[in-house]
Amino acid sequence: MPTSPSAQGARAAVVCGLGAWLPPRAVDNDELASRIDTSDDWIRTRTGIRTRHFVSPGMPTSRLATEAGARALESAGLDSVDAVVLATTTPDRPCPATAPLVAHRLGLTGRPAFDVSAVCTGFLYALATAAALITSGAAEHILVIGADAFSTIVDPEERSTAVVFGDGAGAVVLRAGGAAEPGAVGRVELGADGSLADLITVRAGGSETRSTDVPPSRADAHFSMAGQEVFFHAVTRMAGASRTAIADAGWRAEEVDRLVGHQANARILHAVGERLDIPRDRIVIHLDRVGNTAAASIPLALAHAQSTGGLGAGDRVVLSAFGGGATWGATALTWPDLKTA
Ligand code: ACO
């Protein structure tokens, strides 16, 4: 039964479509252990990851993003939106942004399209940006994509990072609606601390090193992460931001049905759950199948949970992430009745 705008509450951005795509090439822990000094047991016990997908040569992030975006549009029953926002840390090129190319390939040439860079928190930064464009009245429908191909920036011989990441893309479509509707995105709690910039970085390749004539070392040319320190900050910030998002929604922690956190490490997600008093059976785990897919992680986990019955209409969901920058964020929403494409 249609409801009046006032019954739906203030104008809000409402999730109305969801899509995901993984590159076909699956790489399990044993395959990695055949190339570098690691083991399936170490990877599983330290992270929870069993397998992940890697792009094939010549498959850039735009391909992942286009595939996921097309599926999200199909799920929403739309062939057009007013803007495309792409969260990624692995753009096709340092210049220009990747979103215009993705929008063009989706038949959306002429629409505004831009990238958002907040590493593993990128999807939540993009979601907040798109939701603000909708609530301001600047747009009615926006495609929000998280896509990353970290296999292209990690050193395949550096065991501490090579085993952790995977490639993929996930996307949602937001439409203008009411704040009381299922799917309405609550206020997105965001934060950043640039004093932690060195904890998660690709040091070379930007203006800082290109402004000198010194060729980068192998380590500087690849992704690096201070794992234990990042672990600590991830737990602290994801728990804090989630607590704020739960309070903003007017919920108590025991009323949260699903915690969909950035899928970096199962131990991080369990520690966040413990701090929030959210039991393990309410924590969505998808990293076992895909690893840490950076900006794609949350929409991929949502799509997997929805398609396997782990997420249903009416569930009270908290999304939470921590990533390079450092950046972090969280939001809460009641899950809508969606068709996954
Ligand atoms: N296989 C076997 N041994 C390994 C491997 C491996 N793949 N990697 C490291 N080790 C060894 C180390 O050499 C070390 O050995 P030592 O004790 O002899 O020196 C030992 O294992 C422990 O290494 P740690 O780095 O302390 O391992 P830890 O338990 O911290 O796990 C991990 C590493 C998985 C990276 C963890 O720290 C982690 O998940 N960190 C947080 C990641 C995160 O939250 N990321 C989100 C943001 S990422 C982003 O924004 C892109």
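Values in this document were obtained by computation on a predicted structure and should not be read as measured data.

Student: Describe the environment of arginine 105, naming the residues involved and giving the relevant values.
Tutor: For arginine 105, the location among the structural elements is in helix H5 (residues 99–105). Between the C-alpha atoms of arginine 105 and glycine 69, which are 36 residues apart in sequence, the distance is 10.0 Å. Filtering out sequence-adjacent residues up to four positions away, arginine 105 remains in contact with Ser62, Arg63 and Thr66. Of the polar contacts made by the side chain of arginine 105, one reaches the side chain of serine 62; its length is 3.0 Å.

Student: How would you summarise the environment of alanine 132 if you had to cite specific residues and measurements?
Tutor: Checked against the element boundaries, alanine 132 lands in helix H6 (residues 122–135). Residue classification places alanine 132 among the partly exposed residues on the basis of a relative accessible area of 41%. As a C-alpha pair, alanine 132 and arginine 289 span 157 residues in sequence and 33 Å in three-dimensional space.

Student: How would you sum up the packing of helix H10 (residues 227–248) against helix H11 (residues 266–276)? Please name residues and give values.
Tutor: Running from N to C, H10 and H11 point in directions that differ by 40°, and their axes come no closer than 9 Å. Classed by the angle they form, the pair H10 and H11 counts as oblique. H10 and H11 meet at a crossing whose hand is right-handed. Residues Phe231, Ala234, Val235, Thr236, Met238, Ala239, Ser242 and Arg243 of H10 pack against Arg267, Ile268, Leu269, Ala271, Val272, Arg275 and Leu276 of H11. Residues of the contact of H10 with H11, tallied by class, amount to 10 nonpolar, two polar and three charged.

Student: Please set out the site of the ligand residue by residue, giving values where relevant.
Tutor: Taken together, 29 residues lie around the ligand, and Thr38, Arg46, Cys120, Gln228 and Asn265 are the ones closest in. In the model, an oxygen atom of the ligand is placed 2.7 Å from a nitrogen or oxygen of the asparagine 265 side chain. When the ligand is considered free in solution it has 1,000 Å² of accessible area, and contact with the protein chains removes 76% of it. Those elements that provide at least two residues to the shell around the ligand are helix H3 (40–47), helix H7 (159–162), strand E10 (223–225), H10, H11 and strand E12 (316–323). The biggest single contributor to the shell around the ligand is H10, with five residues. Residue composition of the shell around the ligand, by class: 15 nonpolar, 10 polar and four charged. If you count residues domain by domain, the shell around the ligand takes at least three from each of domain 1 (5–178) and domain 2 (189–334).

Student: If you had to explain the domain arrangement of the protein to someone new, which residues and values would you point to?
Tutor: It is common to report an interface's size as the accessible area lost on association of the parts. When its domains are assigned, the protein resolves into domain 1 (5–178) and domain 2 (189–334). On a C-alpha basis, the centroid separation for the pair domain 1 and domain 2 is 14 Å. Each partner contributes to the interface: domain 1 provides 43 residues, whereas domain 2 provides 42 residues. Between domain 1 and domain 2, roughly 3,200 Å² of surface is buried when both sides are summed, and carbon and sulfur atoms account for 68% of that area. Linking domain 1 with domain 2 are two salt bridges. With a shortest N-O distance of 3.9 Å, glutamate 157 and arginine 218 are connected by a salt bridge. Counting every contact that joins domain 1 to domain 2 gives 15 residue pairs in polar contact (both at pLDDT 80 or more). Within the residue set of the side of domain 1 that touches domain 2, elements represented by two or more residues are strand E1 (11–21), H3, strand E3 (51–54), H6, strand E6 (141–149) and strand E7 (167–178). Looking at the side of domain 1 that touches domain 2 residue by residue, the class counts come to 24 nonpolar, 12 polar and seven charged.

Student: I'd like a rundown of H11, residues and numbers included.
Tutor: Across the 11 residues that make up H11, a large majority, eight, are buried. Listing the buried residues of H11 in full gives Ala266, Ile268, Leu269, His270, Ala271, Val272, Gly273 and Leu276. Buried residues along H11 sit in contact with H3, H10, strand E11 (258–261) and helix H12 (287–290). With a side-chain oxygen lying 2.8 Å from the backbone nitrogen of arginine 267, the N-terminal cap of H11 falls on asparagine 265. Looking one or two places after H11, you find aspartate 277, whose phi comes out positive at around 65°.

Quick notes on the rules
- Residues numbered from 1 in each chain as written.
- Predicted model: local features only at pLDDT ≥ 70, side-chain atom pairs only at ≥ 80, totals over all residues.
- Heavy atoms only, no water.
- Helix = DSSP H or I, 4+ residues; strand = E, 2+ residues; numbered from the N terminus.
- Contact = heavy atoms within 4.5 Å.
- Polar contact = N/O pair within 3.5 Å; in protein donor to acceptor, adjacent residues only side chain to side chain.
- Buried < 20%, exposed > 50% of the residue type's maximum accessible area, 1.4 Å probe, protein only.
- Axes fitted to C-alpha atoms, helices over the stretch in contact; angles between N-to-C directions.
- Parallel < 35°, antiparallel > 145°, perpendicular 65-115°, else oblique.
- Left-handed = near helix turned anticlockwise from the far one by under 90°.
- Nonpolar A, V, L, I, M, F, W, Y, C, P; charged D, E, K, R; others polar.
- Near = heavy atom within 4 Å.
- Areas by Shrake-Rupley, 256 points an atom, 1.4 Å probe, with all protein chains shown as cover.
- Domains from an automatic or database assignment.
- Buried area = accessible area lost by both parts, 1.4 Å probe.
- Salt bridge = Lys/Arg side-chain N within 4 Å of Asp/Glu carboxyl O.

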